[in-house]
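Residue strings, one per chain:
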Amino acid sequence: MYFKQLLFLGIISCSLACSSANKTQKGAAIGGAGGAAAGAIIGRVAGNTAIGAVIGAVVGGATGAVIGRRMDKQAEEIKKQVPTAKVDRVGEGIVIEFSDKVLFGYGKSDLTSADRQNIGKLTDILTKYPDTDVEIRGHTDNKGAVAFNQTLSEQRASSVKNYLVSGGISSSRLNSVGFGESQPKVSNDTEDGRAQNRRVEFVITANNKMKTDASNEAAKSGGH
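Residues numbered from 1 in each chain as written. Predicted model: local features only at pLDDT ≥ 70, side-chain atom pairs only at ≥ 80, totals over all residues. Heavy atoms only, no water.

Undergrad: Got a minute to help me understand the overall build of the chain in this structure?
TA: What the chain contains, in helices and strands, is 9 helices and 5 strands. Its helices and strands in sequence order give the chain the pattern α-α-α-α-α-β-β-α-β-α-β-α-β-α, from N to C terminus. The buried share of the chain, taken over its 224 residues, is 43%. Here the analysis covers contacts within the chain between residues at least 6 apart in sequence; of these, 72% occur between residues at least 24 apart. With the model as given, the accessible surface of the chain reaches about 10700 Å², and the carbon-plus-sulfur share is 54%. (Helix = DSSP H or I, 4+ residues; strand = E, 2+ residues; numbered from the N terminus. Buried < 20%, exposed > 50% of the residue type's maximum accessible area, 1.4 Å probe, protein only. Contact = heavy atoms within 4.5 Å. Areas by Shrake-Rupley, 256 points an atom, 1.4 Å probe, with all protein chains shown as cover.)

Undergrad: Just checking my understanding: could you explain the nonpolar core for this structure?
TA: Within soluble globular proteins, side chains that are nonpolar tend to cluster in buried spots. Judged by nonpolar contacts, the single largest core of 33 residues is most densely connected at Ile78, Ile136, Val160, Leu164 and Phe202. Those elements that provide at least two residues to this core are α5 (61-81), β1 (85-90), β2 (93-98), α6 (113-128), β3 (132-138), α7 (146-166), β5 (200-206) and α9 (208-220). If one sorts the elements of this core by residue count, α5 sits on top with 5 residues. Sequence-distant contacts of isoleucine 78, that is, excluding residues within four places in its chain, are made with Val87, Ile94, Ile96, Leu122, Ile125 and Ile204. (Core = buried A, V, L, I, M, F, W, Y, C linked by side-chain atoms within 4.5 Å.)

Undergrad: What is the right way to read the pairing of β1 from this model?
TA: Two faces, one strand: in a regular strand the side chains alternate between the faces of the sheet. In this structure, β1 lies alongside β2, joined through 6 bridges in antiparallel fashion. Its bridge partner being in β2, alanine 85 is matched across the sheet by phenylalanine 98. In this antiparallel pair of consecutive strands, β1 and β2, the connection spans 2 residues, and glycine 91 shows a positive phi of 55°. (Pairing = 2+ DSSP bridges.)

Undergrad: How do you make sense of the sheet that holds strand β4 (residues 174-178) when you look at a structure like this?
TA: What links the strands of a sheet is backbone hydrogen bonding, and the strands pair in either a parallel or an antiparallel sense. Overall, mixed pairing links the 5 strands, which are arranged β1-β2-β5-β3-β4 in an open sheet. If you trace the sheet from one side to the other, it starts and ends with β1 and β4, each paired once. The mean angle between the axes of side-by-side strands here comes to 20°, regardless of whether they run parallel or antiparallel. Judged from the 4 bridges that link them, β2 and β5 form a sheet pairing that is antiparallel. Across the sheet, valine 95 pairs through a bridge with valine 203, a residue of β5. (Axes fitted to C-alpha atoms, helices over the stretch in contact; angles between N-to-C directions.)

Undergrad: Please clarify how the pattern of salt bridges should be interpreted in this entry.
TA: As a working rule, side chains carrying opposite charge can pair if their charged atoms are close by. One pass over the full model with this rule turns up 13 salt bridges. Put simply, Asp141, Glu191, Arg194 and Arg198 are held in one network by salt bridges that share partners. (Salt bridge = Lys/Arg side-chain N within 4 Å of Asp/Glu carboxyl O.)

Undergrad: Please clarify how α7 should be interpreted in this entry.
TA: Taking 1.5 Å per residue as the helical rise, α7 with its 21 residues ought to reach 30 Å, and the 30 Å between its terminal C-alpha atoms agrees with that figure. Among the residues of α7, Asn149, Leu152, Ser153, Arg156, Ala157, Ser159, Val160 and Leu164 are the ones counted as buried. With its buried residues spanning 145° around the axis, α7 presents them on a single face. Those residues of α7 that are exposed and aimed more than 90 degrees away from the buried face are Ala147, Asn162 and Ser166. If you follow the buried residues of α7, they end up packed against α6, β3, β4 and β5. Residue glycine 168 follows α7 closely and has a positive phi angle near 105°. (Expected span 1.5 Å × (residues − 1). Arc of directions from axis to C-beta.)

Undergrad: Explain the environment of phenylalanine 202 here, please?
TA: Here phenylalanine 202 shows up in strand β5. Between the C-alpha atoms of phenylalanine 202 and phenylalanine 98, which are 104 residues apart in sequence, the distance is 9.1 Å. If near-sequence neighbours (up to four positions away) are discounted, phenylalanine 202 is found in contact with Ile94, Val95, Ile96, Phe98, Leu122, Val134, Glu135, Ile136, Val160 and Leu164.

Undergrad: Help me understand the side chain of glutamate 97, please; the structure alone is not making it clear to me.
TA: By secondary structure assignment, the location of glutamate 97 is in strand β2. For glutamate 97, the residues in contact, after removing those within four places along its chain, are Ala85, Lys86, Lys185, Arg199, Val200 and Glu201.

Undergrad: Can you walk me through the confidence of the model for the chain in this structure?
TA: In regions of low pLDDT, the predicted coordinates are not meant to be interpreted in detail. Residues of the chain with pLDDT of at least 70 account for 76%, and the chain-wide mean is 80. Long-range and interchain partners of residues 23-46, a stretch whose pLDDT sits below 50, account for 50 contacts in this model, where long-range means more than four residues apart. (pLDDT = per-residue confidence, 0-100.)

Put into structure tokens, the structure is as follows:
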């Protein structure tokens, strides 16, 4: 049992870090041993639970490889259209974080005009690629009470979700969640660090339609 656990973690670790495999290949490898619980564990180890959320949603195998190729295309388009965003292709999904250091002001949940413009560009791409689900994750710095920060993070995620919906994205594709101050990106010891922690991340994964279409495509090409 212990050996199987080590092997499992080794497969996941390689899929995240092996430079010899492309993102699509990593997605197929992860799927062989993935799962939501494993994704959460690996996400914590990697220091980024958004990555863990992607790992937890993988399908794997030939179907996962097809999904990975589709995500490759979408990620490249996001990079071109939204150059201010940090875009990571992980397994069968995409993790996005806007690089603006002050996404939200202290104690605020309303978007700036610049952020509305950037998120508007992301809205255009999400419209073009409708077969995905998007989790919107709100975060705060550690200033103020824990309960206040939790509520604020939820409001920040909801603010972004509402803006996406106003741009034509179906609310059924979107899920917003707040993490309060529990998942800092960097140290909260400086104002610059706290500003970076006031952020929203986007986790893009395949919806059921994409999974079905990918499975059919894989079957036609002889995959399993």
